[in-house]
Amino acid sequence: MNIIIINGPNLNLLGKREPEIYGCCSFEDYLESLQEKYPDITISYYQSNIEGELVNIIQETGFISDGIVLNAAAYTHTSVAIADAIRSVKCPVVEVHISNVHKREEFRHFSYLSPVCMGVIAGFGLDSYRLAIEALINANKEQQEDEH
Ligand code: CA2
């Protein structure tokens with residue numbers, strides 16, 4: 001399987017700022033441990049602070065990957081463009097959040113992306129990404145069983 005993890009704005013600061021909310025591990029270190037856990041899966045990683053670049057990478061990878069794990073960060077709550085990009089691609093997209101957005105400010109409770117994603121995982125720290133990968137593995141298995 002080929003899975004891409006896409007992180008949105010400010011997630012390049014993971015491990016450097018606000019550890020009480022987002023933990024103290026950099027995403028690069030976490031990714032290394034994730035890849036060790038899933039040696040049979042190719043996990044690619046992309047991060048951008050720019051909305052249009054997130055749209056581009058979803059379009060570019062959404063037809064050649066088996067799944068996308070997407071933490072669009074603040075764009076989750078604002079971006080019709082990212083929602084449209086998700087809607088336009090073939091592979092399943094799992095929306096991920098490190099924090100439990102429903103325990104936080106009200107503006108974080110709404111997501112433009114949830115209705116066009118396969119599912120949403122929030123509030124488990126960086127482990128949210130692993131849970132999303134598990135969901136994509138299960139979806140891929142089910143799809144293969146349906147095809148045979
Ligand atoms: O909980 C999440 O994963 C969020 O997607 C993170 C976004 C926030 O706007 C969403 O409501 C929930 C913010 C990402 C900012 O990342 C930082 C990481 C470290 C230090 C500072 C910011």
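Quick look at the structure, then. Predicted, not measured: the structure shown is a model, and the values here were computed from it. (Residues numbered from 1 in each chain as written. Predicted model: local features only at pLDDT ≥ 70, side-chain atom pairs only at ≥ 80, totals over all residues. Heavy atoms only, no water.)

## Structural notes on the pattern of salt bridges
Under the criterion given, the structure shown has four salt bridges. In this structure, Arg 87 and Asp 84 form a salt bridge, with 3.9 Å as the shortest nitrogen-oxygen distance. Of this pair, Arg 87 and Asp 84 both sit in helix H4 (residues 80-88), three residues apart, which is roughly one turn of that helix. On the basis of relative accessible area, Arg 87 is assigned to the exposed category, the value being 58%. Close ionic contact of Arg 108 with Glu 105 constitutes a salt bridge, the shortest N to O distance being 2.8 Å. (Salt bridge = Lys/Arg side-chain N within 4 Å of Asp/Glu carboxyl O. Helix = DSSP H or I, 4+ residues; strand = E, 2+ residues; numbered from the N terminus. Buried < 20%, exposed > 50% of the residue type's maximum accessible area, 1.4 Å probe, protein only.)

## Overview of helix H2 (residues 27-37)
Residues spaced three or four apart along an α-helix face the same direction, because each turn holds 3.6 residues. If you check which residues of H2 are buried, you get Phe 27, Tyr 30, Leu 31 and Leu 34. The arc that holds every buried residue of H2, seen down its axis, measures 100°, which confines them to one face. The outward face of H2, more than 90 degrees from its buried face, is lined by the exposed residues Glu 28, Glu 32 and Glu 36. Summarising the contacts, the buried residues of H2 are in contact with strand S1 (2-7), strand S2 (42-47) and helix H5 (127-147). (Arc of directions from axis to C-beta. Contact = heavy atoms within 4.5 Å.)

## Regarding unusual backbone geometry
Even without glycine at this site, Asn 10 takes up a positive phi of about 75°. If you check the backbone angles, Ala 73 has positive phi at about 50° while not being a glycine. Note on Ala 73: relative accessible area 15%, which makes it buried.

## Focus: a nonpolar patch on the surface
A cluster of nonpolar side chains, Val 80, Phe 110 and Tyr 112, forms an exposed patch at the surface whose accessible area comes to about 270 Å². Relative to the helices and strands, Phe 110 resides in the loop between strand S4 (93-97) and strand S5 (119-122). (Patch = residues over 30% accessible without salt bridge, like charges linked within 9 Å, V, L, I, M, F, W, Y side chains within 5 Å. Areas by Shrake-Rupley, 256 points an atom, 1.4 Å probe, with all protein chains shown as cover.)

## Some details on helix H3 (residues 51-61)
Buried within H3 we find Leu 54, Val 55, Ile 57, Ile 58 and Thr 61. Axial view of H3: buried residues confined to an arc of 165°, hence all on one face. Buried positions along H3 lie against S1, S2, strand S3 (67-71) and H4.

## Some words on the site of the ligand
Taken together, 17 residues sit near the ligand, with Asn 71, His 77, His 97, Ile 98 and Ser 99 positioned nearest. A distance of 2.9 Å separates an oxygen atom of the ligand from a polar side-chain atom of His 97. Here Ser 99 contributes a side-chain N or O atom positioned 2.6 Å from an oxygen atom of the ligand. Bound to the protein, the ligand loses 95% of the 500 Å² it would expose on its own. (Near = heavy atom within 4 Å. Polar contact = N/O pair within 3.5 Å; in protein donor to acceptor, adjacent residues only side chain to side chain.)

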